[in-house]
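Secondary and tertiary structure notes
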Amino acid sequence: MRHLCLSLLLIAGIHGLLAQGYTTWITGNPNSITTEPLGGVCLMGGATENDEAMKWFLQRANGGDVLVLRASGSNGYNNYFYSELGVTINRVETIRFDNATAAYVPYVHQRIQEAEAIWFAGGDQWNYVNYWRDTPVATLINEAIQQRGIVIGGTSAGMAILGGANFTAQVSSVTSAQALANPYHPGVTVSTQPFLEVPYMEQVVTDTHYDNPDRRGRHTVFMARTLADHGWDVKGIASEEYVAVCVDPEGIARVYGEYPAFQDFAFFLQVNCLEPDGPETITPGIPLTWHHGGQAVKAYRVPGTMQGTHTFDLNDWNTGSGGTWQSWSVQNGTFMAMAGDPAPNCITATEDPSSEDVRLLYDGSTETWVLRGPRPPFSAMVIDLLGRPVPTEVIPDEGGLRVRLHGSAHGLRILTVRSADGVRSWMLSAH
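Residues numbered from 1 in each chain as written. Predicted model: local features only at pLDDT ≥ 70, side-chain atom pairs only at ≥ 80, totals over all residues. Heavy atoms only, no water.

One open sheet holds the six strands; their spatial order is 9-10-13-14-17-18, and the pairing between them is mixed. Each edge of the open sheet carries a strand with a single partner, namely strand 9 (204-207) and strand 18 (334-339). On average, each strand axis in the sheet is inclined to that of its neighbour by 25 degrees, with strand direction left out of account. Two elements, strand 14 (residues 297-303) and strand 17 (residues 324-331), share five bridges in a ladder whose sense is antiparallel. Residue pairing for strand 17: Ala 299 is matched across the bridge by Gln 326. Docked against the sheet, helix 8 (residues 216-230) engages strand 9, strand 10 (235-239), strand 13 (265-271), strand 14, strand 17 and strand 18, running at close to 160 degrees with respect to strand 9. (Pairing = 2+ DSSP bridges. Helix = DSSP H or I, 4+ residues; strand = E, 2+ residues; numbered from the N terminus. Axes fitted to C-alpha atoms, helices over the stretch in contact; angles between N-to-C directions. Contact = heavy atoms within 4.5 Å.)

What follows concerns the pattern of salt bridges. Within this structure, the stated rule accounts for ten salt bridges. Ionic pairing is found between Arg 91 and Glu 114, a salt bridge with its closest N-O pair at 2.7 Å. You can see Arg 91 sitting in strand 4 (residues 91-97) and its partner Glu 114 sitting in helix 3 (residues 106-114), a full 23 residues away along the chain. Given the relative accessible area of 2%, Arg 91 is considered buried. For Arg 111, the salt bridge is made with Glu 114, and the minimal N-O distance between the two is 3.0 Å. On the criterion of helical spacing, the pair formed by Arg 111 and Glu 114 is a turn pair, its members being three residues apart in helix 3. For the residue pair Arg 111 and Glu 114, the accessibility class agrees, reading buried in each case. (Salt bridge = Lys/Arg side-chain N within 4 Å of Asp/Glu carboxyl O. Buried < 20%, exposed > 50% of the residue type's maximum accessible area, 1.4 Å probe, protein only.)

Within helix 1 (residues 51-59), burial applies to Asp 51, Ala 53, Met 54, Trp 56, Phe 57 and Leu 58. Two or three places before Glu 52, at the start of helix 1, stands the capping residue Asn 50, its side-chain oxygen 3.1 Å from that residue's backbone nitrogen. (Polar contact = N/O pair within 3.5 Å; in protein donor to acceptor, adjacent residues only side chain to side chain.)

A word on the packing of aromatic side chains. Following the criterion strictly, the structure yields 21 aromatic pairs and no others. Pairing Phe 120 with Trp 132 gives two aromatic rings, centres 5.6 Å apart and planes at 45 degrees, and the pair type is tilted. Of the two residues, Phe 120 is situated in strand 5 (residues 117-120) and Trp 132 in helix 4 (residues 125-132); the sequence distance between them amounts to twelve residues. Like Trp 132, Phe 120 is buried. Among the aromatic side chains, those forming a connected cluster through ring pairs are Phe 57, Tyr 77, Tyr 80, Phe 81 and Trp 119. For the cation-ring pair, Lys 235 lies above Trp 317, with the distance from its terminal atom to the ring centre recorded as 5.8 Å. The positively charged end of Arg 301 is found above the aromatic ring belonging to Phe 265, 3.6 Å away from the centroid. (Phe/Tyr/Trp six-rings, centres within 6.5 Å; stacked < 30°, edge-to-face > 60°. Lys NZ or Arg CZ within 6 Å of the ring centre and 35° of its normal.)

That's the geometry; what it means functionally is another story.
The structure is reproduced here in structure tokens:
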């Protein structure tokens, strides 16, 4: 149901004072209980919450404690979560961070450690990044995800911080027109600094409110910057305002909305690995061109239904149900989308067609690429998508050689081998 949830206060206990940096409201049992959470992540695009997605989120708490973290607003989630959705939970507590000092308060740490579910409200994501990154709050949230398997989620600004790369809005927001006209506009602040470590989101940059206004252009710029500046094999997840993407621990994303009554969609974006050269023009003050014949980015557009019946598999970023593939590109600052073929499967390596007599495999036990078949003498070089050398160790091996990459584990790389058989190249996707 589309409605603005204005909850009534069930409990008036405000524990925080501005001096300690937080304010808190509790609804339900003031005493914590311990249950076994079911895990997952829920990404809500903004506006009002999708009730069915929120039920999914609460059910993953398995009857335990739900913690809402925010840096503005009040206790609007308390009644909504506790009594309006028909899901039994022990309590809902909202903690509003009034300033950064709350990140170091033991009471806040205790509540994070007790939670089976954590929800990040909307607001200004820079407050969240500024208040929590490199603090005990981020550490404890990550431990709760990794060690206790809590479910986590957020809407609007709360969704923006859940990717491994995130638009921080440190300076301001930015429109698609501004970002496309200048991909280094001061408002394009995309950070890859370690922050929240959410399963399946490690190389993802999210965007929200996708339909109001149209944010496809600026999201494409976020991906282009992450690829160009950091060499990541970057991906994107976006939700329109009344749409939620809920990802279970197995990596299957379900899309909730009110389609077909409303045109509610989520988008799953990835760099087209068959066009590996990155943006043709990405320079400060010059409109972006990332075109490659209209095939630069592959997008899977999924309608959200009340039952969350349409899905996308984040294990392979290729398998989906109920959606349609599109090809996105940017030509001289103009964003374009058209119907497209499915994304190619480029999980490990894309081999040069001329190298059928040479095999390239990845050995996870030694974290090396193993090349079988080239005749010596041979040499190897690895570069990133901008042509910069990647520190590489070449190890002679029986029947070929091994290549170990040093430095960042993110992003696509190009391996070129010179041998008695000639020159061959492969596209590597870092493991």
